[in-house]
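A look at the structure
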Amino acid sequence: MAKILSFKHNPKVEKESVFKSLWESFLGLDLFIKMMIITSLLIAIVTPAIVLNYQIFRPFAQAVSSIQTVASGNWFDPAIWSGGLLPTTGDSVIISPNHTIIYNVLSDDVLGEVKIQGTLKFSRTVNTRLKTNDNIMVEMGGYLDMGTSSDFIPKNIKSEIIFVLTQAQASAYVGGFGFAPTDKGLWAMDGSRWEVHGAPLVRTWSKLAQDAAANSTTLTVDNDVSDWYVGGTVIITQTSNPAHFFTDSRGQEDATYTWENEMRTITALEKLPDGKTKVTFDKPLTFKHEGVAPFKGEVALLSRNILFKTELLGVSESTLQNDVGTRKFAHTMQMHGSKGNIQYAEFKYMGHYLKLSRYPIHPHLMLETSKGMTIRGNGLWYTGFRWINIHSSDEILIEDNVGFASGGVGYFEEDDPIRDERGLIKGLASISKNLAFIHNIGIDPTEARFEDRGGVVERGPVSFWPNSRGIAHLGNVGVGGKGSGGGYHHAETAANDIGTIIGELFIHNEAHSTIWGGHSAWQNHFKPKEMIDFLTWRNGVLGTRLGAYVGEFYLFNIKALENGKKGISSTITDKFVQDSLITGPKAD
């Protein structure tokens, strides 16, 4: 009789048996066949993941794509770009070596980083605008051409570079001597060239020819400024003393201050037969501005047809203009070995508040490679940190520039001290040589404080900071200021303190209507200095202060007139005043 066997169904055992059988069969295969099977399995597993990932992140990938030129031509020609597509918002752009690209676009697309390894030339025939939220890098062999002295941007053409920054980007700046990708700006690197030349102006500012009355919509200036811009912005400078002293309820002296620099828009310009110019404004003046010698105010043009500007997203223009601490703007920097001149351009909302080396115009440690450079005719206003900073760069002409409302010192000459283990100055690593500041005006430098230094004031907000070897200051004017500063300050710096400043010319300069003083010197062991034909009037406290203790100052033909407390104050060991006039409520 046959025996009947019964089995209980077990799916788990069956599955394990199948996998075991397949594994044993796989192990018995040839090595080449094994590799083919493994490769096929990997492709089958990974491909869907790649496709899914691409679909999810495709918009982001497109936003950060890099496009470079494949030929010379016009920017607006798709044929010159890799992929045959024009750069658009978010694209990083490379101008390839040996290519010349004519920038002929008025665009509000916000590009990513722009690298210039060939030539990028702004059009002379159409208005242009380039916006970026990243750095513009003019690299070795690259050339950013925004006008030259022989081929400038014509007056009827407007060229703009605008940096569009979020507040997070603006707060990420680190400052410092070298390149930092977080610190958005325009960088002219070693071996590059950056040329800027807007429409030339005969002069960018002029003295009043006669008094301009309050409620007037016109005034007359000494010179022919009929080449200024109708629709342009001007500043009319204060001519009164801003300080008003009084005795408070405790018997202590105190003061209130008034600021009377006024901003207006030009609506008409009329050249007069005697060579003067009548200027008409959009609205009446609030204050009287005097124009009879020796108390003559100035009118200064801020607008140009080339514009560098920062748009700080989420911050109103009113806030930027009234709160200097919010001015965290893009910057420009010309490095050692770069070339180029900056002439007749406008820098509005440029320079990052209290970040060292991040200024609107900044030749940086160029040493002898800056020889022959010209910075002329520019308008710089509502800047975050200084107007023009010359850092250990030689033989530069700084002429006929207009600065208004800087964060801290306006025109700054920076040296590099060497300090011992105690922090005392023992020498200089480098210093600028043979600079010439001629016919510049600085208006309302604004007090700025380093919060990480316990609120220390940045240098005292003065318009000019002379601190170079073989320097000339000729025919400059410093006006106004908000804080504790004034017109000029010979500071106790490395260069002055160890007596390396030699060959300085300080002739026919002027300061008026500043909060504290027209001029101050605070140095030790400095070389003999001469001030010739200096006019300092109606400053809050004094005309000039000579200090600190050891040094020689010679003053010739000085006019210190109607200053708040003193005409000349001195604490130095040797001084000499000749052929000078001092008047005022408490002249010494």
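Small disclaimer: the values here were computed from a predicted structure and weren't measured.

Looking only at helices and strands, one finds five helices and 55 strands in the chain. Burial status across the chain gives 52% buried among its 588 residues. Looking at the chain alone, contacts between residues at least 24 apart form 70% of all its contacts between residues at least 6 apart. Working note: accessible area of the chain is about 25,300 Å², and carbon and sulfur atoms make up 57% of it.

Now for the sheet that holds strand 25 (residues 331-334). Strand order across the open sheet formed by six strands is 1-3-6-9-12-25, with parallel pairing between neighbours. A strand with exactly one partner marks an edge of an open sheet, and here the two such strands are strand 1 (66-68) and strand 25. Neighbour-to-neighbour, the strand axes of this sheet turn through a mean angle of 10°, independent of strand direction. For strand 3 (residues 92-95) and strand 6 (residues 114-116), the ladder comprises three bridges, and the chain directions are parallel. Across the sheet, residue Val93 finds its bridge partner in strand 6, namely Val114.

Attention shifts here to the environment of Thr132. Relative to the elements of secondary structure, Thr132 occurs in strand 8 (residues 128-132). The sequence separation of Thr132 and Thr310 amounts to 178 residues, and the corresponding C-alpha distance is 9.8 Å. Excluding its chain neighbours within four sequence positions, the residues that come into contact with Thr132 are Val110, Leu111, Gly112, Glu113, Ile162, Phe163 and Val164. A distance of 3.3 Å separates the side chain of Thr132 from the backbone oxygen of Leu111, its partner in a polar contact. Within the structure, the side chain of Thr132 is placed 2.7 Å from the backbone oxygen of Gly112, a separation counted as a polar contact.

Looking now at the environment of Thr88. Within the secondary structure layout, Thr88 lies in the loop between strand 2 (73-74) and strand 3. Put simply, Thr88 and Ser107 are 19 residues apart on the chain and 9.3 Å apart in space, counted from C-alpha to C-alpha. Every residue in contact with Thr88, bar those within four places of it in the chain, is listed here: Asp109 and Leu111.

Time to look at the sheet that holds strand 16 (residues 233-236). Strand order in the open sheet formed by six strands is 14-23-16-19-20-15, with antiparallel pairing between adjacent strands. Single-partner strands in this sheet number two, and they are strand 14 (205-207) and strand 15 (218-221). Taken pair by pair, the neighbouring strands of this sheet meet at an average axis angle of 35°, ignoring direction. The pairing of strand 16 with strand 19 (residues 262-271) spans four bridges and is antiparallel. Considered in strand 19, the bridge of Ile236 is made with Glu262.

This brings us to the pairing of strand 20 (residues 277-281). Remember that side chains alternate between the two faces of the sheet whenever the strand is regular. In strand 20, alternate side chains face the same way, and those of Thr277, Val279 and Phe281 are buried while those of Lys278 and Thr280 on the opposite face are not. Note: strand 15 against strand 20, four bridges, orientation antiparallel. Each residue of the ladder has a partner; that of Thr220, found in strand 20, is Lys278. Bridge count between strand 19 and strand 20: five bridges; the pairing is antiparallel. Pairing of Leu269 across the sheet is with Val279, part of strand 20. Taking the residues between adjacent antiparallel strands as the criterion, strand 19 and strand 20 are bridged by five residues, where Gly275 takes a positive phi near 90°.

Turning our attention to the confidence of the model for the chain. Here the chain averages 88 in pLDDT, while 81% of its residues score no lower than 70. A low-confidence stretch, residues 1-9 stays under pLDDT 50, and its non-local contacts, those more than four residues away or across chains, total one contact. Note that residues 497-501 has pLDDT below 50 and, in this model, 22 contacts with residues that lie over four places away or in other chains.

Core analysis: the biggest nonpolar cluster contains 81 residues, and Trp75, Leu120, Leu144, Ile161 and Phe308 have the highest contact counts within it. Residues in contact with Leu120, not counting those within four places in the same chain, are Trp75, Ile95, Ile101, Tyr103, Leu130, Tyr143, Leu144 and Asp145. In terms of nonpolar packing, the next biggest core, distinct from the first, is built from 18 residues, Leu201, Trp228, Val234 and Ile236 among them.

So, on to the packing of aromatic side chains. Tallied over the entire structure, the rule returns 23 aromatic pairs. Taking the centre distance of 5.5 Å and the plane angle of 45° together, the rings of Phe329 and Tyr349 count as tilted. One end of the pair, Phe329, is in the loop between helix 4 (317-322) and strand 25; the other, Tyr349, is in the loop between strand 27 (346-348) and strand 28 (364-367), and 20 residues separate them in sequence. Residue Phe329 is classed as buried on the basis of its relative accessible area, which comes to 0%. An aromatic cluster of at least three residues, connected via ring pairs, comprises Trp387, Tyr411, Phe437, Phe464, Tyr488, Phe506 and Phe534. Sitting over the face of the ring of Tyr229, Lys155 holds its NZ or CZ atom 5.1 Å from the ring centroid. The ring of Phe412 has Arg386 sitting right over it, with the charged end atom 3.8 Å from the ring centre.

To continue, consider the environment of Phe385. Positionally, Phe385 belongs in the loop between strand 30 (379-381) and strand 31 (388-393). Spatially, the C-alpha atoms of Phe385 and Ser406 are 6.1 Å apart, while their sequence positions differ by 21 residues.

The rules behind the values
Residues numbered from 1 in each chain as written. Predicted model: local features only at pLDDT ≥ 70, side-chain atom pairs only at ≥ 80, totals over all residues. Heavy atoms only, no water. Helix = DSSP H or I, 4+ residues; strand = E, 2+ residues; numbered from the N terminus. Buried < 20%, exposed > 50% of the residue type's maximum accessible area, 1.4 Å probe, protein only. Contact = heavy atoms within 4.5 Å. Areas by Shrake-Rupley, 256 points an atom, 1.4 Å probe, with all protein chains shown as cover. Pairing = 2+ DSSP bridges. Axes fitted to C-alpha atoms, helices over the stretch in contact; angles between N-to-C directions. Polar contact = N/O pair within 3.5 Å; in protein donor to acceptor, adjacent residues only side chain to side chain. pLDDT = per-residue confidence, 0-100. Core = buried A, V, L, I, M, F, W, Y, C linked by side-chain atoms within 4.5 Å. Phe/Tyr/Trp six-rings, centres within 6.5 Å; stacked < 30°, edge-to-face > 60°. Lys NZ or Arg CZ within 6 Å of the ring centre and 35° of its normal.

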